[in-house]
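# Fold and contact review
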Amino acid sequence: MRIEYWLNGEHRVDEVDGSRRLLDYLREDLGLTGTKEGCGEGECGACTVLLDNKAVHACLTMVGQLQGRSLTTIEGLEKNGELDRLQQTFIRNGAIQCGFCSPGMILSAKALLMENPNPSDEEIRMAIAGNICRCSGYREIRAAIREAADSAREEAEE
Amino acid sequence: MREPRWEYLQPADREELFAAMAQMTEDSVFLAGGTDLLCEIREAKIKIDRIVSLGLLKEFSGIRLEGDGIRIGSMATHGEIAADPSVRRYLRALAEACAHVGSKQIRNKGTIGGNLMNASPAGDMIPCFFLLHGKAEILSSDGTTRFAEAGEFYRGGGAPAMERNEVLAAVHFPVVPERDSFFVKLGSRTEVTIAQISACMSAKKKDGMFEDVEFYLGSVDRTPLPVPEAAAILGGSLGTVEERNRLSELLSKRIQEIQAKRKRPPRLKIRESERHYKERAVKGVVYDLLDGFDRP
């Protein structure tokens, strides 16, 4: 089938098998391997991508479901050679250990900050409840999200 | 492009939907959010020849106040329902249930229609569907619509009573402004958890006292368990410790009876240890529910 959608801000038309898993389409057909496969059943959050700016599992999405919508993968966060604020705060806070959960974790955080630029600590916890970090570096991850939110607000106030 | 494994149809209006439905066989499935279907496909649990996605049908989406009720499109996501101001105001139990389904990722994609159609004993929408007197709006491929109340919808005790030429378009709930409701569940962890017991209750409050209490337990049987005795226990009171304990004991007995009265092997497998756990844990659920009900 023919689908039309936006991939990391660019309009795209593609001939696809609508029932193919979005995760396989991204990694194998488009070579966008930033999106990771962990459990394959919506438990771990490693494959999190943004559909119309909302976090969803690429492993539980069929390509046909992209029709007319906007998809953001981790590759889409870097703008003009500069990492997204969240990517920078993740690096600064040591929130990346093995790195496997990082793309999904960062995109869940991105969705949160787009919806709610000033989240409470509890809201940060809830937003990443579906993202498992097996290195268990949650404290640094929460600190990185906190810093991204706070620094964006401080800059806006200046 | 690789050879597709299945035919994938994505109707955008009624005409295309009816044409797609005409091609469906007993091995064809509807795709709502996909959060359960893709797991089943992965586990190779089901044989599929054709997938009909309902994602582009506008009349299946959205939440709106209609007369003295609320229509929730079957494709409305848990996240949309939990955030909707009318649902939060008039159908608080449903908003609570939706707010705690799975993770953020699941709530952004899973739908009320998918939850009701899958009919998992642990499906959190189902006790609310009974409690809040929901009606399923069922569209047939001949263009006619019929409505089914929860008891009729689940009359078989498992999968919804629907024909192959029918599809769930929406769920309607009456608005009763003087009524409030609440839902809680107990799982193995606080977030991203599957209910081992859920409970929901709806009541009016007169002079601070409960009136016309309705009560259901979920996840303990194939379909939600009505608890009509709750009306007498809680009615005309505030839910004192003594009444909470009495209700807990009653629920504990009802859970014991479910197992005892079964003549055939149960379709919902509950191990002996789980049953013992649920009999005791239900007391905490009753306390959580009544505490939650009192919070604005």
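## Here's the deal with the overall build of chain B
- Counting secondary structure elements, chain B contains 12 helices and 12 strands.
- Based on the C-alpha atoms only, the size of chain B along its principal axes is roughly 65 × 45 × 35 Å.
- Considering chain B as a whole, with its 296 residues, one finds that 54% of them fall into the buried category.
- Taking all contacts inside chain B whose residues are at least 6 apart in sequence as the whole, residues at least 24 apart take part in 61%.
- Carbon and sulfur atoms provide 50% of the accessible area of chain B, an area that totals close to 13,800 Å².

## As for the interface of chain B and chain A
- Counting from both sides, the interface comprises 30 residues of chain B and, opposite them, 34 residues of chain A.
- For the chain B and chain A pair, buried surface summed over both sides reaches about 2,500 Å², with 57% attributable to carbon and sulfur atoms.
- Sorting the residues of chain B by area buried against chain A places B:Y8, B:L38 and B:Q105 first, and these three jointly supply 25% of that buried surface.
- Applying the counting rule to chain B against chain A returns 2 salt bridges.
- When the shortest N-O distance is used, the salt bridge between B:K104 and A:E115 registers 3.7 Å.

## Describing empty space enclosed by the protein
Residues and elements named next belong to chain A.
- Evaluation of the coordinates by the stated rule reveals 4 cavities of 30 Å³ or more.
- Lining the largest cavity are A95, Q97, C98, G99, F100, C101, C133, C135, G137 and I141.
- Residues of the lining of the largest cavity, tallied by class, amount to 7 nonpolar, 3 polar and no charged.

## So, the packing of helix α3 (residues 102–115) of chain A against helix α5 (residues 138–157) of chain A
Residues and elements named next belong to chain A.
- Look at α3 against α5: their axes get within 11 Å of each other, and the N-to-C directions meet at 35°. When the axes of α3 and α5 are compared, the crossing they make is right-handed. Residue-level inspection shows M105, A109, L112 and L113 of α3 in contact with α5, the latter providing Y138, I141, I145, A148 and A149.
- Here the residues of the contact of α3 with α5 sort into 9 nonpolar, no polar and no charged.

## Details of unusual backbone geometry
All names here are of chain A.
- Its identity as a non-glycine residue notwithstanding, N80 has a phi of 50°, on the positive side.
- With a phi angle near 60°, S136 is a residue other than glycine that sits in the positive phi range.
- Take S136: it is sitting in the loop between α4 (121–127) and α5.

## Comments concerning a nonpolar patch on the surface
Residues and elements named next belong to chain A.
- A cluster of nonpolar side chains, contributed by L83, I91 and I96, occupies part of the molecular surface with about 240 Å² of accessible area.
- Relative to the elements of secondary structure, I91 occurs in helix α2 (residues 85–92).
- Since its relative accessible area comes to 53%, I91 is described here as exposed.

## Topic: the sheet that holds strand β3 (residues 50–53) of chain B
Residue and element names in this part refer to chain B.
- Pairing within the open sheet is parallel, and its 3 strands lie in the order β1-β3-β2. Unpaired on one side and paired on the other, β1 (7–9) and β2 (28–31) mark the two borders of the sheet. Looking at each pair of strands side by side, their axes are set apart by 20° on average, direction ignored.
- Sheet topology note: the β1/β3 ladder contains 3 bridges and is parallel. Residue Y8 lies in a different strand from β3, and its bridge partner there is I51.

## Considerations on helix α12 (residues 272–294) of chain B
Residue and element names in this part refer to chain B.
- With 23 residues, α12 ought to run about 33 Å at 1.5 Å a step, and its terminal C-alpha atoms sit 34 Å apart, in line with that.
- In α12, a bend of some 35° at A281 exceeds every other bend along the element.
- What α12 keeps buried is the set R275, K278, E279, A281, V282, V285, V286, L289, L290, G292 and F293.

## A few points about the nonpolar core
All names here are of chain B.
- If you look at the biggest cluster of nonpolar residues, it comprises 69 residues, and the most contacted ones within it are I72, L94, L116 and F153.
- Examining the composition of this core, we find that 6 residues originate from one element, helix α8 (residues 125–131), more than from any other.
- Residues within four places of F153 in sequence aside, it is in contact with L116, M117, F129, A136, I138, A148, A159, P160, A161, M162 and L168.
- In this structure, F210, V282, L289 and F293 belong to the second largest nonpolar core, which totals 27 residues.

## Some points on the confidence of the model for chain B
- Averaged over chain B, the pLDDT score is 92; the fraction of residues at 70 or greater is 95%.
- Scored by ipTM, the complex comes to 0.96, with pTM at 0.95.

## As for the pairing of strand β7 (residues 145–149) of chain B
All names here are of chain B.
- Strand direction decides the pairing type here: strand β6 (residues 135–140) and β7, joined by 5 bridges, are antiparallel. Each residue of the ladder has a partner; that of A136, found in β7, is A148.
- Between β6 and β7, which pair antiparallel one after the other, the connecting turn spans 4 residues, and G143 there sits at a positive phi close to 95°.

## Some thoughts on the state of the cysteines
- Under the counting rule described, the total for this entry stands at 0 disulfides over all chains.
- Lacking any disulfide linkage, B:C200 is separated from the closest cysteine sulfur, that of B:C128, by 4.8 Å.

## Let's talk about the sheet that holds strand β4 (residues 54–57) of chain A
All names here are of chain A.
- Strand order across the open sheet formed by 5 strands is β2-β1-β5-β3-β4, with mixed pairing between neighbours. Strands at the two margins of the open sheet, each flanked by one partner only, are β2 (10–15) and β4. Going from strand to strand, the sheet's axes swing by 40° on average, the running direction of each strand aside.
- With 2 bridges connecting them, strand β3 (residues 48–51) and strand β5 (residues 70–72) associate as antiparallel partners. Residue pairing in the sheet places L51 in a bridge with L71 of β5.

Cut-off values and rules
- Residues numbered from 1 in each chain as written.
- Chains lettered and ligands numbered in written order.
- Predicted model: local features only at pLDDT ≥ 70, side-chain atom pairs only at ≥ 80, totals over all residues.
- Heavy atoms only, no water.
- Helix = DSSP H or I, 4+ residues; strand = E, 2+ residues; numbered from the N terminus.
- Buried < 20%, exposed > 50% of the residue type's maximum accessible area, 1.4 Å probe, protein only.
- Contact = heavy atoms within 4.5 Å.
- Areas by Shrake-Rupley, 256 points an atom, 1.4 Å probe, with all protein chains shown as cover.
- Buried area = accessible area lost by both parts, 1.4 Å probe.
- Salt bridge = Lys/Arg side-chain N within 4 Å of Asp/Glu carboxyl O.
- 1 Å grid on protein atoms, 1.4 Å probe; cavity = no way out; pocket = protein on both sides within 12 Å on 5 of 7 lines; lining within 4 Å.
- Points joined across faces, edges and corners; volume = space filled by probe spheres on them.
- Nonpolar A, V, L, I, M, F, W, Y, C, P; charged D, E, K, R; others polar.
- Axes fitted to C-alpha atoms, helices over the stretch in contact; angles between N-to-C directions.
- Left-handed = near helix turned anticlockwise from the far one by under 90°.
- Patch = residues over 30% accessible without salt bridge, like charges linked within 9 Å, V, L, I, M, F, W, Y side chains within 5 Å.
- Pairing = 2+ DSSP bridges.
- Expected span 1.5 Å × (residues − 1).
- Bend = angle between axes of the 7 residues up to and from the residue.
- Core = buried A, V, L, I, M, F, W, Y, C linked by side-chain atoms within 4.5 Å.
- pLDDT = per-residue confidence, 0-100.
- Disulfide = S-S within 2.5 Å.

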